[in-house]
Amino acid sequence: MSTAVLDFEEMQQPPAEESGALTAAGPLNGQPDRSPQWLRETRAAAWDTFSALPMPTRKDEHWRFASLKTLDLSLFKQPLPLDEAARNGLRARSRGLENVAGRMVFGNDQLLSRDVFSEQLRQKGVIWLPLEDAAIAHPDLFRKHFMREEAILGGKKFAALHQSQAKAGAFLYIPRGVEIDLPLETFHWLSGSHGSCFPHTLIVADEMARATVIDRFASADSHSAGLACGVNDLWLGAGAQLTYVCVQDWSRKTLAFQMNSTVVGRDATAKALTLNLGGSHIRSESVSHLRSPGGRSEMLAVSLADGSQEFDQRAFQIHEAPHTSSDLLYKNSLDDHSRSIFSGLIRVDPGAHQTDAYQKVRNLLLSDDAEANSAPGLEIEADDVRCTHGATSGQIEAEELFYLQSRGINRTDAQRLIVFGFVQEVIDRLGHGAITSNLSEFVQAKFKDSPRLP
Amino acid sequence: MTTETATQIGIDRSLGDFSYPESHKFDAGYGLTPATIDYIAGVKGEADWIREFRHQALKIFNSKPMPTHWASKDLESIVFDNIRYYLANGQRATRSWEDVPDDVKRTFERLGIPEQERKFLAGVEAQFDSEAVYSNIKKAVGDQGVIFCGPTEGLRDHPEIFRKWFGKVIPIGDNKFSALNSAVFSGGSFIYVPPGVKVKHPLQAYFRINAENFGQFERTLIIADEGSEVMYMEGCTAPKFETATLHSAVVELVALKGAKIQYITVQNWSANVFNLVTKRAIAHEEAEVKWIDCNIGSRLTMKYPGVVLKGRKARGEVISIALANDGQHQDTGAKMKHEADETTSNIVSKSISIGKGRATYRGRVEVPKHLKGCKNNTECDALLINSTSRTDTYPAITVIGTGNACQHEASVSQVSAEQIFYMQQRGLTEAQAMSLSVNGFVNDLVRQFPMEYSVELKRLIDLEMEGSVG
């Protein structure tokens, strides 16, 4: 592969101008469209699909329990331009893990910086590019994997919207047998009032490849409304190992959709964890396809909701081949008037024997107005399987609080400790020291920012 | 397991295949129109308000779409125009066994009713086609002030008791099939138990379809007044028909303060029956309602017994056993709606899928705002016998606020190869071992049935597994 693609070239920024409503053309920001013809065509087709599909309704099983009133897309404009000061500001704020193999920063879907710190990438033929550059430089690889799995959990319309607009995000290809030790990190910033962004993450891990990727979603200012509509496509070849982490910390006025698809090949292991902190209404859909024998998918999520936040999470574990396993653990801590929805399904296709599937959602209710909806599901069409799911909803036990208080810890701190312990179990499952402690910091920070402590 | 064994343990439906010539004096003909309603109301000599109720229900039924956005598409194969909505054997409910026609007696004999009668009957409300043909209220029950009759008599003779709750637990428009039942209901049991009365013997009713293309729309309303206790048993078997037939009942239970109701069903319709039943109870303060539900027969059963826990410390329970064989879909479950503090509910569901059978659990648990001390426990276990068997679980749980606890657990497994191997090396055939294993799987639930019923239930499960021996 060419080394040229690894050279960093800052894009020329267009002059700031007023952004309009979302359109078929997508955001151009005064630049010529660099996209190849085929990509423009798929975008146009996706826009038509988006326009043709109706908004979800009450009758739609995939939107059961969801608040539909807050899904008004007409409020939002296409990605807003950023001036030099804003770009510098966001770049400076893009600090994540101390040691990473590379870091990309996007603001309002524009590339702000791309740094490669590890020589490994260059030497071993890893492709790590902004999405649009990847489409131009590696059209075959790109087309084979970009949004090939349909959004089957109700988000078809929003996936189409994403596809019509998506220009930002990281494309990662890890060649056969290559192991990247340090994580690759991508920031997506949403800045300005009523703007939008469409982050995409596309990872193709070839046979026996290994990598860890972390996406960070955040808003430049905590009071601006915005729309985020992201998709990620994870592809694992035979024996590949991929850890994907997403830290979602949009502003409290952000409406966000996230559609995740993971395709797990033979003996491959995918591990994905989402930490949900921000947003007003977050809709996330995660589908794991266990496509070949020996595949394993771990789906993890921690959501800390307060105020009037709504976290609507749908998950689907599809066992398409025998001898596959999946393990889902979602934990929600709910304060104030917040709501959580978990709708999950384990599906075992005919012939997918020796499936071992597990699904567990746990809700911790911290306030009398918090609401937890759980709908774990099973659809089993093979007999030699072990499938289990569980859902619990409860609150902090008085005995636990009393114990801690009797040891001299005040009530507020005691509650906090219990919530940390509750979610830490999920974060620990990552088994990655640096990321684990980084996520724990975010969890603690959320409580510090909170107007009312748990 | 092998397909050979699958056929071995298949159900021999022919054991229940018997039928006697039909003779219906009253027949509303095929299809459902306002004229059908007027005919039924006329034949029954019903009050105007009931006729109005039926007409309104028909309108709602026609306006509601089929719930196929979540339920089985198989519902679309019901042709409502090919169904006869009312026919009676030309007789009013009778009290004495001697008055029952001989051919009806022969049918009941195959079902074992006479033995049950001799052994323990407190009262029998056996339904043959759409009108109760045999009604025997044991003297002792009547002496206690218990009213045990059909809906027509109940609403005519005791409106002050039954009208208050009729259609209130399950409103007409609750779902498409409750609307259908409300339009054309006939037959069923209306029971009132006075305050403090503990009905010693279980009240029983056997239902039976014996006419081709004929649907049964029985209506049951049980009111247990303060501090009373009653157990009601309902069992269904049906001969095999050529074309699909529809059974759509509505069962309403009202347990007033401190009352206890147990409602037991053994459903064994033949494998061409659509069994679409709405069952719900209201439990007032400190009342207890327990649904024990066993589904073995039918083509498609959709039944989710529910309890609305309206009063403090009310308790609701659903115990469900489902057995789905080739061509069957048992879509069962439970609903628990907590509406008061310290209410508790428990759901235990076990299903067995054999051959191409499909068993589905659907559940709904709601704990709304500002309640304290509510608890729900749900357990669903599914057993898959063959590689072509299917099972689904779709629970939905909503909890608002602190001070409540809900937990749900479900598992899917197959009969362990080690178990079968162990039994085989002790001299059992594979089929015998399988049968024993299946019985063991449901045994703890079967034991919750009253003695007489658990015997019948075991017999029915044995019947299902009969082909497997030898």
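Definitions and cut-offs
Residues numbered from 1 in each chain as written. Chains lettered and ligands numbered in written order. Predicted model: local features only at pLDDT ≥ 70, side-chain atom pairs only at ≥ 80, totals over all residues. Helix = DSSP H or I, 4+ residues; strand = E, 2+ residues; numbered from the N terminus. Contact = placed C-beta atoms within 7 Å. Rg over C-alpha atoms; globule rule 2.2 N^0.38 Å. Axes fitted to C-alpha atoms, helices over the stretch in contact; angles between N-to-C directions. Parallel < 35°, antiparallel > 145°, perpendicular 65-115°, else oblique. Left-handed = near helix turned anticlockwise from the far one by under 90°. Nonpolar A, V, L, I, M, F, W, Y, C, P; charged D, E, K, R; others polar. Pairing = 2+ DSSP bridges. Buried ≥ 20, exposed ≤ 12 C-beta atoms within 10 Å, placed from the backbone. pLDDT = per-residue confidence, 0-100.

(A) Region of the structure containing the overall build of chain B. Of the regular secondary structure elements, chain B holds 12 helices and 23 strands. Restricting the contact set of chain B to residue pairs at least 6 apart, pairs at least 24 apart contribute 83%.

(B) Representation of the overall build of chain A within the structure. Across its full length, chain A holds 9 helices and 20 strands. Taking 2.2 N^0.38 as the reference for a compact globule, 454 residues should give roughly 22 Å; the C-alpha atoms of chain A span a radius of gyration of 21 Å, in line with that estimate. Pairs at least 24 apart in sequence give 83% of the contacts found in chain A among residues at least 6 apart.

(C) Molecular detail of the packing of helix H1 (residues 37–52) of chain A against helix H6 (residues 156–165) of chain A. Residues and elements named next belong to chain A. For the pair H1 and H6, interaxial distance at closest approach is 7 Å and the crossing angle is 150 degrees. Judged on the interaxial angle alone, H6 and H1 are roughly antiparallel. Relative to H6, H1 is oriented so that their crossing is left-handed. Facing Thr42, Arg43, Ala46, Trp47, Thr49 and Phe50 of H1, the residues of H6 in contact are Lys157, Ala160, Leu161, Gln163 and Ser164.

(D) Summary view of the interface of chain B and chain A. Counting residues at the interface gives 33 residues for chain B and 34 residues for chain A. Counting only elements with at least two residues in the side of chain B that touches chain A, the list comes to strand E22 (390–400) and strand E23 (405–414) of chain B. With 11 residues, the single largest contributor to the side of chain B that touches chain A is E22(B). Taken together, the residues that form the side of chain B that touches chain A break down as 13 nonpolar, 16 polar and 4 charged. Pairing geometry for strand E20 (residues 385–394) of chain A and E23(B), over 7 bridges, is antiparallel. Following the sheet pairing, Ala391(A) is matched in E23(B) by His408(B).

(E) Unusual backbone geometry, seen in detail. Residue and element names in this part refer to chain A. In this model, His194 sits at a positive phi of 60 degrees, which is unusual for a non-glycine residue. With respect to the helices and strands, His194 occurs in the loop between strand E5 (184–190) and strand E6 (195–197). Phi at Gln354 is positive, roughly 60 degrees, even though this residue is not glycine. Note that Gln354 resides in the loop between strand E17 (339–348) and strand E18 (355–365).

(F) Region of the structure containing the environment of Lys335(B). Residue and element names in this part refer to chain B. Here Lys335 lies in strand E18 (residues 329–338). Each C-alpha atom, one on Lys335 and one on Glu366, is 8.3 Å from the other, the two residues being 31 residues apart in sequence. Excluding residues that lie within four positions of it along the chain, Lys335 makes contacts with Tyr304, Gly306 and Arg364.

(G) Expanded view of the pairing of strand E4 (residues 169–174) of chain A. All names here are of chain A. Counting buried positions along E4 gives 6 out of 6 residues, so the element sits mostly inside the fold. The two faces of E4 match: Gly169, Phe171 and Tyr173 on one face and Ala170, Leu172 and Ile174 on the other face are all buried. Looking at chain direction, strand E3 (residues 127–130) and E4 are connected through 4 bridges and run antiparallel. Bridge pairing in E4 links Leu129 to Phe171. Of the strand pairs in this sheet, E4 and strand E7 (residues 200–205) are connected by 6 bridges, and their pairing is parallel. Opposite Tyr173, over in E7, you have Val204 as the bridge partner.

(H) View of the confidence of the model for chain B. Residues and elements named next belong to chain B. Predicted confidence across chain B gives a mean pLDDT of 80, with 75% of residues reaching 70 or more. Ranking the elements of chain B by mean pLDDT puts helix H5 (residues 113–120) last, at 38, and strand E16 (residues 306–309) first, at 97. Below a pLDDT of 50 lies the segment residues 113–135, which in the model reaches 84 contacts outside its immediate sequence neighbourhood of four places, other chains included. Residue range residues 207–214 is modelled with pLDDT below 50. Its contacts to residues more than four positions away, or to other chains, number 38 contacts.

(I) Here's a closer look at the pairing of strand E2 (residues 110–116) of chain A. Residues and elements named next belong to chain A. Pairing between strand E1 (residues 102–107) and E2: 6 bridges, direction antiparallel. Note that in E2 the partner of Met104 across the bridge is Arg114. Hairpin connection, E1 to E2: the antiparallel pair is bridged by 2 residues, and Asn108 has positive phi, about 50 degrees.

(J) Representation of the environment of Val251(B). Residue and element names in this part refer to chain B. Examined against the element boundaries, Val251 turns out to sit in strand E11 (residues 250–255). Residue Val251 is classed as buried on the basis of its C-beta count, with 26 C-beta atoms lying within 10 Å. Leave out the neighbours within four places in its chain, and Val251 touches Thr220 and Lys279.

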